[in-house]
Structures are given as C-alpha cells and as structure tokens.
Amino acid sequence: MSGTGSSTDGLADLVNRSLPSSPEERSGAEAGREMDADGTGDGSNPNDTSTESQGTNPESSSEDTDLESMEDIDSLLMDLENRLQYHSEEGEIREEEEDEEDEDDDEELPRVCVQCSGDNHAQYLLDQDRALEEWISSEVSALPRPRWRVLTALRERQLGSSARFVYEACGARIFVQRFHLQNELEGHTSCVNTVHFNQRGTWLASGSDDLKVIVWDWVRGQPVLNFSSGHKSNVFQAKFLPNCGDSVLAMCSRDGQVRIAELSEAPYCTNTRCVAQHRGASHKLALEPDSPFKFLTSGEDAVVFAIDLRQGRPASKVVVTKERERKVGLYTIFVNPANIHQFAVGGRDQFVRIYDQRKIDQNENNGVLKKFCPHHLMNCDSRANITCVVYSHDGTELLASYNDEDIYLFSSSHNDGAQYVKRYKGHRNNTTVKGVNFYGPKSEFVASGSDCGHIFIWDKSSCQIIQFMEGDKGGSVNCLESHPSLPVMATSGLDYDVKIWAPIAEASTELTGLKNVIKKNKLERDEDNLHHTDLFDSQMLWFLMRHVTQRNNRRPWGPPGVRARDADLDDSDTSDEEGSRDRMQCLPS
C-alpha cells in the first residue's frame, strides 16, 4: 500500500521517504555534502532567528533553540499520533475497497506488486521491466545523419563562401556531442544558483548561497570582481543588463529583494541598492532585449514587477497572477524576444501563462492573454509546478519544465489551451527549482539539469538525447547558460563551483551509462508517485532535520511544504519579513 496500512508502516515510510515531490523539498537527508551545500546560505523558517542574528553565541542560541524545538516536537508528536491513527483507519478502509474492486474486476492489477503472488508477481515484474526497456530504447534510438558537415563547412570557409562558420558550428550536433568539461571556476563557498554571460560573452556572473556575486574572466578562469550582493539570503539570479557597458548587474534573492549592482567602480563594487521588494522569494528576473534600463521580476507572492531604472521609484506592479481568486506563486518569468510587451510566467500550478503588458485587465481572465498546459495535467490531482519557462531565440516556441514531470515545448502562436508540441524525457526535476534552456543560435537543442547530477541535452526536433554529462558531484544541476556567440556552455548546481563545457572531446559521446540513469530516474519518480508525500510528512521530516543541523552548528532548513503555503499568498497584510520566511525553499534554485 502507499504507507497507510498501519501506524508503524506509516512511521517507517515517513522516515525512509527521502525524495519529496515538491520542487522546494530536499532529497537525501543523510547526504552530508548536500546538507553543507544548503546549510551555508539557506533561509530560516518562521520560528527561527533572522539572518541578521547569525553572529550570536552558538552555545546559548543552541540551548534556546533546543528548548523551542522540544516544544515544537512535543506538539508535533501528539499530532503525529492522531494523524497516524487516522491514516491507519483510512488505510484499512482503502484495503477493503481495493479487495472489493479486485473481486469485481480480475483484470485490474493492484498498484503495489507485493499483492501479487508467485508466478503472477514474477510475470508482472518481467512485463514492467520489458516495457521500461522499450521506453528507454525509444529515447536513445539512432539519430539521422547530421545536415551540417564540418569538413564541408571548413572548405567553404577557406574558399570564402561561408561567412557564418562559427554561428553554424554553435548549432551543430557534432560539436554538442563532443562537449567536455573545460574548466571549473572555484571561488564560492556554497552552492551556485545562477550563471549569466554578458552581452559580448567575455565575462560570466555567478551568484551563490554565500551571498556573494563573482564576475569571472571565464577564459582565464580568474575572478574580475568578487563582492557582497547586499542580499540577506540566497542569491537566485544575477544578470548583466544589455547595452550598458557591462556596468550594471540586476539581482534577485530568497529575501524577496531585487537589487542593482553598479560595476563602474571596478575592481571594487560596494554600491548595491534595492529597487523592489517581493513578499516572498524572488527566483527569476527577465531582461528586456536591448534595454539597459528595464526588466521584469516575479516572486512567490504572485506579483510581477516592471523595473525602470530611469524612474525615481523604479518598481511598478504589472500583474498579480491568479487562478480564479487564488494567487499563484511564481518561480519563473521570461520576456518574448520577438515582442517585448509579452512575457510568460510559471509557478505553483500547471499553467504557463502569457501576458501582454498593453492588454492586462484583471477583470477579464485575470489579465491572462493565453494559457498552456499538457492536457493530461489539466484536470488531474497532481501537484505539478512549473520551475522554469524560456522562449526560443525568435519567440515562436516556449519551453516549460515541470516538477517531477517532463519538459514540454509549446508554440507561442497557438491558441489558448493548445496542446504541447514536443516532450523531452529521461531527466528528473524534483528536489530543486531547476532551469531549462535552449542551446544553439537557432534554438536547435534543449538542455536541462537533473537530480541525478547529470546534464541532458536533447535534439529539439526529434526529442532524442544526444548528450549526457556528469555535471554535479554534490547532487543536482540547476542552471545552464549558453555563450552568446561560441559553442560553450556554463552550468552550476549544488557544487561550489561553476563548470565550463566546450567541444574539446576527441570523439563524440557514446552516452555511457545513460540507460541505467534514465531507468533509475523513472523508477524513483514512479515510486514517489505511489507514495504521495503530504505536508504532514514534510513537516515531520523538517523537524528531524532541524535537530540534526542544530547539533552540527548548522543553520536549520526551512519547512518544505509548497501547496500548503498557497493560502499564505492570499494574506496581503503579511509583512515583508514574515512573507519571505513563510515561503522559503529548502534548496537553491
């Protein structure tokens, strides 16, 4: 059964379950490396001290927190006993219902294979394994011969008939299949949540849980700038504004602040200022193409701000994202490069929403121009969240990465409610707020990180996996950024460094180990779908982890529930500080 059979089974499931299904929950509680990655810059929960009081005496603060935590645990354990008794009774009722269903319909197989016996069980496992192998084989089947030939292209360049050799090479499959780790940029002391190339591609900015932003000369592997962001919690994004001489960085963070760093005083930067404040974590900001002054931000408070640095009060509210009357917290935002008035957002439900700033009317469809969602997620009870949306180079296509689901490609020109065009499978997006991105000058490929620590790159047209690399030793790969003009890609995740990838391998990848990793990701996802982790389980796991981290003089994790805090978004009277704490995630985005 799904952990509701008895009180002891329920408690065992509670302790053993280490892969929660929301994008903000932590996997692998015993993994010390991952705890270190999260512990350095993680925000505290509503009952913890603020980030400003980190310098207090660790012994006295530990004693106070232990007393407070014991009270919390006493009340939680009382609730645990009542809930487990309820789950036990509910489980017995469900077992009786399943027995009746099995008697009525012999063809319907139970979801938990231990109910099968003997030969039937063995046959069931054999059929499942065969179906899984067939699915994996279809994902890595042979690709057609590439249209771009490197020798032909080199010959044409020598003859002067091809002036776009580098441009075409960036979108060539043969170079993507030769990606190999070129360099590791080490300088942060915690997990790296964001990487971004400047407009010319000469510098790379990275932000981390250590509250630092580093500007790199990525070719030499040396930092150009290393400065404090001014944020009070994890830095989630740091981006160069275009056409400003690389002198301005826009940043957003878990503390909900949107800050501007002026780099004109290089090599020293102490001037950062706050230009907007969300009532919850702000995960992403979206640059307006070619504008050195304007960009958009989104937050878990469901608000989208437009920032114009030329104004005395730079921030203006554009829209509050809602589904009917319920606010929808946002994880991601992206401006259409072909139409700067349009932008797409995604967050704590299954819908990709597109807005047009010229046509937003909250009284009409909550201001939404159109919405997209895979039809099988439209009316189901799944807890699907969108962790990232991104437009293609010409704005005609839109990628959406779903929590513990797949990546879907939509046509931005299709009508409201249209079905997805392509689907990309094999990775896993469960434990962190993962990004997805196009790669190539014409968006020829789709790239994503995974909980297994690997980087997956798919051919956009065929949906076949063409590259598979180990990108993070600590756990998840969360961010991927392609170079604006070279066949180079930067990635980051739970490791404390930034990795630079280039087509320097002597031979194309053989995708070694890919089938086993895909199989493992698929089985883990199916297992989690069988055992739905609810908020009660998440809170219990959080309290246990809190005591572990306190005893090791680490900062505690925030409570990891996602859905249960949707109600908090509706409380517009919540203070900025309280709103920020209530919606903190357990891992960096």
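The structure this text deals with has already been given above.
Because the structure is a prediction, the values reported are computed rather than measured.

Colleague: Looking at this structure, I do not really get the environment of N243. What am I missing?
Modeller: Relative to the elements of secondary structure, N243 occurs in the loop between strand 6 (235-240) and strand 7 (248-253). A relative accessible area of 44% means that N243 is categorised as partly exposed. Sequence separation of N243 and N198 is 45 residues, and the distance between their C-alpha atoms is 9.7 Å. Not counting residues up to four positions away in its chain, the partners in contact with N243 are Q199, D290 and P292.

Colleague: It is not clear to me how the sheet that holds strand 18 (residues 352-356) should be interpreted in this structure. Could you clarify?
Modeller: Note: strands within a sheet are paired through backbone hydrogen bonds, in either parallel or antiparallel orientation. Within the open sheet, the four strands sit side by side as 16-17-18-19. Their pairing is antiparallel. The open sheet has two edge strands with one neighbour each: strand 16 (330-335) and strand 19 (370-372). Neighbour to neighbour, the strand axes of the sheet diverge by 20 degrees on average, direction disregarded. Examined bridge by bridge, strand 16 and strand 17 (residues 342-347) share five bridges and lie antiparallel to one another. By the bridge assignment for strand 17, F334 is matched with A344.

Colleague: Explain the environment of I504 to me, please; I cannot follow it from the model alone.
Modeller: Relative to the elements of secondary structure, I504 occurs in the loop between strand 30 (497-502) and helix 9 (514-530). Taking the C-alpha atoms as reference points, I504 and R178, separated by 326 residues in sequence, lie 6.2 Å from one another. If near-sequence neighbours (up to four positions away) are discounted, I504 is found in contact with R178, H180, L181 and Q182.

Colleague: Hey, could you run me through the pattern of salt bridges in this one?
Modeller: Once their charged atoms are close, side chains differing in charge can pair, the charge on each being opposite to the other. Counting across every chain of the model gives 23 salt bridges. D349 is paired through a salt bridge with R353; the nearest N and O atoms lie 2.7 Å apart. Judged by its relative accessible area of 1%, D349 is buried. Beyond isolated ion pairs, a larger network of salt bridges with shared partners links D404, E405, D406, R423, R428, K520, E524, R525 and D528.

About the criteria used
- Residues numbered from 1 in each chain as written.
- Predicted model: local features only at pLDDT ≥ 70, side-chain atom pairs only at ≥ 80, totals over all residues.
- Heavy atoms only, no water.
- Helix = DSSP H or I, 4+ residues; strand = E, 2+ residues; numbered from the N terminus.
- Buried < 20%, exposed > 50% of the residue type's maximum accessible area, 1.4 Å probe, protein only.
- Contact = heavy atoms within 4.5 Å.
- Pairing = 2+ DSSP bridges.
- Axes fitted to C-alpha atoms, helices over the stretch in contact; angles between N-to-C directions.
- Salt bridge = Lys/Arg side-chain N within 4 Å of Asp/Glu carboxyl O.

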